[in-house]
Amino acid sequence: MTTVKNNGTPGDSLEDLGIPGQSFLSDALTSCNDPLKAIEEFQLENGILLPSLRPMLPLLDLHGIQRFDFHASVLEELREQLIKRINEIGAERSEKGSQSVDRRLKELLSKSFPAIRVAALRPVVMCILRNTPVIDDKYLKILVREKELYNDADTEVKRQIWKDNQSLFGDEVSPLFSRYIIEKEQVLFDHLNLTSPFFMPSPKVRRQGEVVQKLAHMIGHSVKLYDMVLQFLRTLFLRTKNVHYCTLRAELLMALHDLEVQDIISVDPCHKFTWCLDACIREKNVDVKRSRELQGFLDSIKRGQEQVLGDLSMTLCDPYAVNFLASSAMKIALHLINGESLPRDNAVLVLLLRMLALGLSAWTMIDSQDFKEPKLDSQVVTKFLPALMSLMVDDQIRQLNLKLPPDERESAIAIIEHSGPPPDACQAYAQLSGVAAVLSMYYALHVGGIGAGTTVQNKSRGDARGLMRVLTTLPNCQGQRAYEDPFLHTLVLLLVLNMADEFTNESFCTVIFDEFFLAGMSKDSVTRHLLKLLWWVHPKLPSARLHALVKSLEPTSQHNEAVHSLYQALKDKIGNRTNEDLTTPPSDAMVEGPTSPMSNSTMLGAANL
């Protein structure tokens, strides 16, 4: 048996606690004349020293209860009582902050720490450590050095280790970061589940996730650990360009807000802005009061504080924030059309676009360390948006004409049949401006069946012609933003729920597959989204089209394992549609729409954007 001496160095027995241990007994047995007598003396001297108990021991022997079991049960009971009392002392310290209590805990720790390597006594020592606000470095060094002790330590103890050991803290949080990213991607790429769209959970629900809560617990009230996590997230975002790290940054801050960790939220300069934005996302609305608060915060950043823009841009780069800003801009644009107003006259719209521009510049800003708010191109407001709104009016008129009685509809045939390409300004600015590109993408979702930018309107058919027109402008949009996973996930969702029947139309297939999806096939993620789309709509496709798609999507050795697995699963699902079958049109019995266990009313809320 090994213990630790009071000076923090390893010892070889319990003698440091004043208790004869393994070494004492070994010496006694090797130097005595009668080993049995030596054992009996050792038991008498080191057993429970209660005179009233000794007459009971022979009775326990008669009942076949071993002395070891008896002493172990007593030890367990005493240990639980001692742990309970130590926790009471710790709670008293938390309430009163008494220095005398701190001294008592330090004395207890000094006397008991040598027993930390005794498994039966270790919980008591760990309990004292957990309740000690400032642990001496000599104890922390021993915990770090010995993995078994470190693993048994509570998070409250590990926090004190992590503060001065960034690499060790990084090793602890890295698996959580990886798990968080995997969970986000599982939702985006899940080809079997249409009931849990990516944007459906509310902010409050999202930050109740296990990873976020565990990170918040690991940080506790430590500003230093919180700063470390933020630095890890900035580094990972910079290294991978994965926007889910931006989501985690915002969710972690709001989780600490929910826990009322004032030590942290009072010093994070992004707290009030993130809190206000979170409320807007939760309520799906930006009222005048909140817009003034958000704008006031952006305008109040002074010279010398520009680095705050880096964290703010990460908050606004969060896909949930981008979704909210772009969807809200779409709603305001529809309102302006109805009121015959100009975009430049709407202060809330201009603020939303300003925040969107800041969010889309997050990676570039952090990479360059040039913390300047990007200036919103005024022509996006004065030229692009009016052009986009004219496209929206055109689509609205066409949809309205389709509802007219047949005899009145003939006069509108020209408008319906000869809708030209989108205005040049729409295409040009979508290629040059990230803000214009994102607004074009969200108009595609709107015209495809997203009601006012918020929900997928199941059974309310989207405007296929309008979607085809706007999709043709997206493959070349700035930064290939149309091939980002959150957008493709939502696009596939509305195509499956609202437009599955349109896939019997070859011209629709040409735009969706040839002009849009296949133009982005250099990314494995685009291939996975396309395979997911085919998983649901393949019964609707003409046989020749399906055959060509299956052949063109066959993965190579350069594709990742997920693509190979999904491709094989799709081939298995297509099943008995052999090469011969794929040369003839499918029968009516084979044309089945996508199925979902959700009711119609549930579907309306399930794809909440």
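Everything below is about the structure printed above this text.
Reading guide: rules and limits
Residues numbered from 1 in each chain as written. Predicted model: local features only at pLDDT ≥ 70, side-chain atom pairs only at ≥ 80, totals over all residues. Heavy atoms only, no water. 1 Å grid on protein atoms, 1.4 Å probe; cavity = no way out; pocket = protein on both sides within 12 Å on 5 of 7 lines; lining within 4 Å. Points joined across faces, edges and corners; volume = space filled by probe spheres on them. Helix = DSSP H or I, 4+ residues; strand = E, 2+ residues; numbered from the N terminus. Nonpolar A, V, L, I, M, F, W, Y, C, P; charged D, E, K, R; others polar. Phe/Tyr/Trp six-rings, centres within 6.5 Å; stacked < 30°, edge-to-face > 60°. Buried < 20%, exposed > 50% of the residue type's maximum accessible area, 1.4 Å probe, protein only. Expected span 1.5 Å × (residues − 1). Salt bridge = Lys/Arg side-chain N within 4 Å of Asp/Glu carboxyl O. Core = buried A, V, L, I, M, F, W, Y, C linked by side-chain atoms within 4.5 Å. Contact = heavy atoms within 4.5 Å. Arc of directions from axis to C-beta.

What follows concerns the layout of surface pockets. Where empty space is left can be seen by rolling a probe of water-molecule size over the atoms. Empty space within the second largest pocket amounts to approximately 1,100 Å³. Along the wall of the second largest pocket there are 43 residues; nearest its centre are Val243, Leu360, Gly479, Arg481 and Glu484. Looking at the lining of the second largest pocket, the elements with two or more residues in it are helix H13 (223-240), helix H19 (319-339), helix H20 (347-360), helix H21 (362-368), helix H25 (424-432), helix H26 (434-447), helix H28 (485-498) and helix H30 (524-537). Residues belonging to the lining of the second largest pocket are distributed by class as follows: 22 nonpolar, 12 polar and 9 charged.

What follows covers the packing of aromatic side chains. What the rule picks out here adds up to 11 aromatic pairs. Centroid distance phenylalanine 198 to tyrosine 320: 4.9 Å. Interplanar angle 20 degrees. Geometry classified as stacked. Taken as a pair, phenylalanine 198 in the loop between helix H10 (166-189) and helix H11 (203-206) and tyrosine 320 in helix H19 lie far apart in primary sequence, 122 residues in all. Note on phenylalanine 198: relative accessible area 2%, which makes it buried. Residue classification places tyrosine 320 among the buried positions, given a relative accessible area of 5%. A centroid spacing of 5.2 Å and a plane angle of 85 degrees characterise the contact between phenylalanine 503 and phenylalanine 508, whose relative ring orientation is edge-to-face.

Taking 1.5 Å of rise per residue, the 13 residues of helix H16 (residues 271-283) would be expected to cover 18 Å, and the 18 Å separating its terminal C-alpha atoms lies within 8% of that figure. For H16, the full list of buried residues reads His271, Phe273, Thr274, Cys276, Leu277, Asp278, Ala279, Cys280 and Ile281. One or two positions beyond H16, positive phi appears at lysine 284, with a value near 55 degrees.

This brings us to the pattern of salt bridges. Side-chain pairs of opposite charge can arise whenever the charged atoms involved come near each other. Summed over the entire model, instances satisfying the criterion amount to 28 salt bridges. The partner of arginine 117 in a salt bridge is glutamate 146, with the nearest N and O atoms 1.9 Å apart. Taken as a pair, arginine 117 in the loop between helix H5 (99-112) and helix H6 (122-131) and glutamate 146 in the loop between helix H7 (137-145) and helix H8 (147-152) lie far apart in primary sequence, 29 residues in all. Taking the relative accessible area as the measure of exposure, arginine 117 reaches 17% and is therefore buried. Residues arginine 179 and glutamate 210 are paired through a salt bridge, measuring 2.7 Å at the closest nitrogen-oxygen approach. Here the residue arginine 179 occupies a position in helix H10, and glutamate 210 occupies one in helix H12 (residues 210-219), the gap between them amounting to 31 residues. Using a relative accessible area of 30% as the deciding quantity, one classes arginine 179 as partly exposed. A single salt-bridge network, built from bridges that share partners, covers Asp394, Asp395, Arg398, Asp463 and Arg469.

Nonpolar side chains in soluble globular proteins tend to end up buried together. Leu467, Leu491, Leu495, Phe517 and Leu533 are the most contacted members of the largest nonpolar core, which totals 115 residues. The element best represented in this core is H19, accounting for 13 residues. For leucine 491, the residues in contact, after removing those within four places along its chain, are Leu445, Leu467, Leu471, Phe516 and Phe517. The next biggest cluster of nonpolar side chains, apart from the first, holds 58 residues, and it includes Ile86, Leu109, Phe113 and Val173.

Attention now moves to H5. In this model, H5 (14 residues) spans 20 Å end to end at C-alpha, consistent with the 20 Å of a helix rising 1.5 Å per residue. Those residues of H5 not exposed but buried are Val101, Leu105, Leu109 and Ser112. For H5, the buried positions fall inside an angular range of 80 degrees around the axis, keeping them on one side. The exposed set on the far side of H5, more than 90 degrees from its buried face, consists of Gln99 and Lys111.

Across all of its chains, the model carries 4 cavities of 30 Å³ or more by this definition. In this model, the largest cavity occupies a volume close to 130 Å³. Along the walls of the largest cavity sit 14 residues, with Arg206, Ala250, Asp278, Ile281 and Asp318 positioned nearest its centre. Across the lining of the largest cavity, the residue classes tally to 6 nonpolar, 3 polar and 5 charged.

Take unusual backbone geometry next. Positive phi outside glycine occurs at lysine 241, with the angle close to 60 degrees. Within the secondary structure, lysine 241 is located in the loop between H13 and helix H14 (244-258). Residue classification places lysine 241 among the exposed positions, given a relative accessible area of 53%. The backbone of glutamine 480 shows a phi angle near 50 degrees, a positive value even though the residue is not glycine.

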